[in-house]
Amino acid sequence: MVIKRKKKGIGFALSMILILSVFLAACNSDSDSGSSDGDNETIKVGIIGAFQLAAGKEIKDAAELAVKEINENGGVLGKKLEAVYADTKANPEEGRAVVERLLYQDEVDFIVGEHRSEVALAVQPVIMESKKIFVNTGSASPLVTEAVKEDYEFNKYTFRPMMDSTQLGEGFLNQFAQMVETEGYEKVALIAETAVWVDPIVETFEKQFGDKVVLVERPATDTEDFSIELSKLKDSGAEVAMTLFSANQGIVFAKQWAERQIPVEITGYNVQAQSPEFWNQTEGKANGLLTWKHGVRSEITEKSIPFWDNFTEDYGRTPGPYTGITAYDGVLVMADAINKAGTVNSVELVKTLESETFVGASGNIKFREDHGYTIGEDFVPFTYIQWQDGEMGVVGPESVATDEIIKPEWIK
Amino acid sequence: MVADIIVFGAIWTAIYSMIALGFSLIFGVAKIMNLSHGAFFMFACYAAYYLSSSGLGLFWVALGAIVITIILAIVSYLGIIKPMRNSLTQVLILTFAFAMFLEQIIVITFGPEPRYVPSMLEGGMSILGVRVTHQQVLAFVITIVLILFLWWLLSRTNMGRIIRAVSQDREMASMLGINAEKIFIFVMGLSAAFAAVAGLLVAPFLTVTPAMGWSPILAAFTIVVLGGLGNVWGTLIGAFIVAYAEMITSYAFNPQLKEAVTFTIMILALMYRPNGLFSKGVSDA
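Residues numbered from 1 in each chain as written. Chains lettered and ligands numbered in written order. Predicted model: local features only at pLDDT ≥ 70, side-chain atom pairs only at ≥ 80, totals over all residues. Heavy atoms only, no water.

Observations regarding the overall build of chain A
Alright, step 1. Along chain A, the regular secondary structure elements total 14 helices and 14 strands.
Alright, step 2. Taken over the C-alpha trace, chain A has a radius of gyration of 23 Å; the compact-globule value for 412 residues is 22 Å, and the two agree within 12%.
Alright, step 3. Taken along the three principal axes of its C-alpha coordinates, chain A extends 80 × 65 × 40 Å.
Alright, step 4. A total of 412 residues make up chain A; the buried ones form 56% of that total.
Alright, step 5. Sequence-distant contacts in chain A: of pairs separated by 6 or more residues, those separated by 24 or more amount to 68%.
Alright, step 6. Side-chain charges of chain A comprise 39 positive and 66 negative groups, with the mean position of each set lying 8 Å from the other. (Helix = DSSP H or I, 4+ residues; strand = E, 2+ residues; numbered from the N terminus. Rg over C-alpha atoms; globule rule 2.2 N^0.38 Å. Buried < 20%, exposed > 50% of the residue type's maximum accessible area, 1.4 Å probe, protein only. Contact = heavy atoms within 4.5 Å. Lys, Arg positive; Asp, Glu negative; His and termini not counted. Charge placed at Lys NZ, Arg CZ, Asp CG, Glu CD.)

Examining the confidence of the model for chain A
Alright, step 1. Across chain A, the average pLDDT comes to 89, with 90% of residues at 70 or higher.
Alright, step 2. Every residue in residues 16-38 of chain A is under pLDDT 50, and counting partners more than four places away or in other chains gives 32 contacts. (pLDDT = per-residue confidence, 0-100.)

Observations regarding the sheet that holds strand 9 (residues 265-270) of chain A
Residues and elements named next belong to chain A.
Alright, step 1. Spatially, four strands are ordered 7-6-8-9 in an open sheet, and the strand pairing comes out parallel. Pairing within the sheet leaves two strands with one partner each, and these edge strands are strand 7 (213-217) and strand 9. Neighbouring strand axes in the sheet, compared pairwise and without regard to direction, differ in orientation by 15° on average.
Alright, step 2. Here strand 6 (residues 188-192) pairs with strand 7 via four bridges, running parallel. In the sheet register, Leu190 faces strand 7, and the bridge partner there is Val216. (Pairing = 2+ DSSP bridges. Axes fitted to C-alpha atoms, helices over the stretch in contact; angles between N-to-C directions.)

Digging into the interface of chain B and chain A
Alright, step 1. Each partner contributes to the interface: chain B provides 42 residues, whereas chain A provides 41 residues.
Alright, step 2. Note on chain B versus chain A: buried area summed over both sides is about 3500 Å², and carbon and sulfur give 59% of it.
Alright, step 3. For the pair chain B and chain A, the interface holds two salt bridges.
Alright, step 4. With a closest N to O distance of 3.9 Å, B:Glu122 and A:Lys285 form a salt bridge.
Alright, step 5. Run the count over chain B and chain A and you get 13 residue pairs in polar contact (both at pLDDT 80 or more).
Alright, step 6. For the side of chain B that touches chain A, the secondary structure elements donating two or more residues are helix 1 (2-30), helix 3 (58-84), helix 4 (88-110), strand 2 (130-133) and helix 10 (232-252) of chain B.
Alright, step 7. Of all the elements, helix 4 of chain B adds the most residues to the side of chain B that touches chain A, at seven residues.
Alright, step 8. Looking at side-chain class alone, the side of chain B that touches chain A contains 25 nonpolar, 12 polar and five charged residues. (Buried area = accessible area lost by both parts, 1.4 Å probe. Salt bridge = Lys/Arg side-chain N within 4 Å of Asp/Glu carboxyl O. Polar contact = N/O pair within 3.5 Å; in protein donor to acceptor, adjacent residues only side chain to side chain. Nonpolar A, V, L, I, M, F, W, Y, C, P; charged D, E, K, R; others polar.)

Focus: the pattern of salt bridges
Alright, step 1. Within the structure shown, the criterion is met by 25 salt bridges over all chains.
Alright, step 2. With a shortest N-O distance of 3.6 Å, A:Arg368 and A:Asp164 are connected by a salt bridge. Here the residue A:Arg368 occupies a position in the loop between strand 12 (364-366) and strand 13 (384-388), and A:Asp164 occupies one in the loop between strand 5 (158-159) and helix 7 (165-183), the gap between them amounting to 204 residues.
Alright, step 3. A:Arg368 gets classed as partly exposed once you look at its relative accessible area, which sits at 27%.
Alright, step 4. Assessed through its relative accessible area of 7%, A:Asp164 is described here as buried.
Alright, step 5. Between A:Arg218 and A:Asp199 there is a salt bridge whose closest N-O contact spans 2.9 Å. With a gap of 19 residues between them, A:Arg218 in the loop between strand 7 and helix 9 (227-236) and A:Asp199 in helix 8 (residues 199-209) connect regions that are remote in the sequence.
Alright, step 6. Given the relative accessible area of 22%, A:Arg218 is considered partly exposed.
Alright, step 7. Residues joined by salt bridges that share partners form a network here, namely A:Lys255, A:Glu259, A:Glu283, A:Lys285 and B:Glu122.

A word on empty space enclosed by the protein
Alright, step 1. With the rule as written, the count across this model stands at five cavities of 30 Å³ or more.
Alright, step 2. There is about 60 Å³ of room inside the largest cavity.
Alright, step 3. For the lining of the largest cavity, the secondary-structure elements that each account for two or more residues are helix 2 (37-53), helix 4 and helix 9 (214-227) of chain B.
Alright, step 4. Of the residues assigned to the lining of the largest cavity, the class counts are eight nonpolar, two polar and one charged.
Alright, step 5. Its volume calculated, the second largest cavity comes out at about 50 Å³.
Alright, step 6. Around the second largest cavity, the lining residues are A:Val252, A:Lys255, A:Gln256, A:Glu259, B:Tyr116, B:Ala203, B:Pro204, B:Phe205 and B:Leu206.
Alright, step 7. Grouping the constituent residues of the lining of the second largest cavity by class yields six nonpolar, one polar and two charged. (1 Å grid on protein atoms, 1.4 Å probe; cavity = no way out; pocket = protein on both sides within 12 Å on 5 of 7 lines; lining within 4 Å. Points joined across faces, edges and corners; volume = space filled by probe spheres on them.)

Here it is, written out as structure tokens:
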């Protein structure tokens, strides 16, 4: 009887495992790739990213919009631009596999996307080997462009219209310094996730603000409760704090900061606060929270506001994470470069991309020697938004600001 | 700082108690070490997220999430645990596998991105000069009410006497005409209900992710090792010790040492008090 029961149990467990395996296998084979028609009447772009994540979905949606707009305006070299989507699932191995498929099965002419640095670094050599252009539109790792400097001949097909972590660090610190100076703050704090990309920023922050620093906290990236950090922040007497959150902790932090009415202004980088859903996810409590957001509704170039409005119209939501506008610009820059070069030949395109300045939605894109790009008011501004009554108010820099900075009501 | 430790320590004692009580209860009565208990906690959060996104009212969201979690727990008991119940190791492995299975199902259904459950109560209040949200106060109050309910159920009702009888001597209870299997199913449902209520109460102030069940199950495991498996009051004292040890360490040193403290307590308890501070069967006192 016991044996019979055990067999029944094992049978049930095996059935469960079988069902799960079949389910997962089915999901894995559910490729996001488009079909290849094999004719020469199209120019093909491979779009890569972890599409099940918000940042990856943004890449897919924005790239789709760019392709649609390019085709509506006559295509590239008179041909239709066709996008082939490949989900890297935030996994370097999966990334390599899908990129090989794009290159050798779908025969794409160039590849745009990928926001995970580990995946971008894994697929970069595969794409370089094939001598196709890789426009990396999300990874902030300096290693992607350092590779171009170190081995130009092999890696010269890599371009990144996106800030690297060094530029991001400088941008965060500059904005914070400006805020401290303008408001005359004497006590400042830093709450930065425990991550390698944050370490140099923390070091510079402590040096730059010296005696004004009253608290530095380094919570884990998977922190689910900020009760302790917020109590310490309140006790520290800080007047303003810079947060650096690139994972999923931003909403909980913002909610608890507002619910507990911590009398400290918050700025810096909160990736979740860049999404239009942030207001509802924090139940409308994040009024007054500032964050860096790449891509805002402001007249930076003639393409900036149309991108924002067309994206909103097509997807029923405003643009979210920075990966959307960078992917949009990536596709636009490539289409422009192909039209200017008159060919999809990668060597010719490298020359065009290196020498020309391109107009994107995020600013004027001019590639540097290492194929990263130049930031600043004449190129791509480092923009800040503040949540104000459910809207993302553009509050910095002054040249593109459309709204004034407000203080949360419990700080007034 | 001391006031913060007192207030947030009390809130986390309550939350840990709620999770650990269900875990302890099913072991005390049925000798089932249910590692999928944390997954039930997580599942209830997702059920609440799904139901609240469907536009249902607060009462129906809570009721629906609890009922769905209870059904899931009973089905897992009948399908997986019951046939293997005589082997503690097999039950451990199977419930661990079932927790992973549930996590994968949630990832496939809802994706790996975090989800957010709206608060049941808005606003906040000051306790000992520390501002806490009404949701946190609600979690504390409901936990107290449920602990009193459990005490009443186990010590003042006929069902409680039957549960204790089965816990102490299943064979004897069966000879006296008690259907132990029905009691196991009842306790499994009750245990899952505790996990579900804990999930519903904390979901609004935490991040809901597919992996969120593992951290509470580790805390619950430490708490029941400390308090003694199956001992209700021991579990409460265990929760108190773990919650305050975590709070004091976080404030005085570093919040990242929180889980290290939990594991240190577990190691010390297993080394010096392997049967817990107050080990015995399910008891009302």
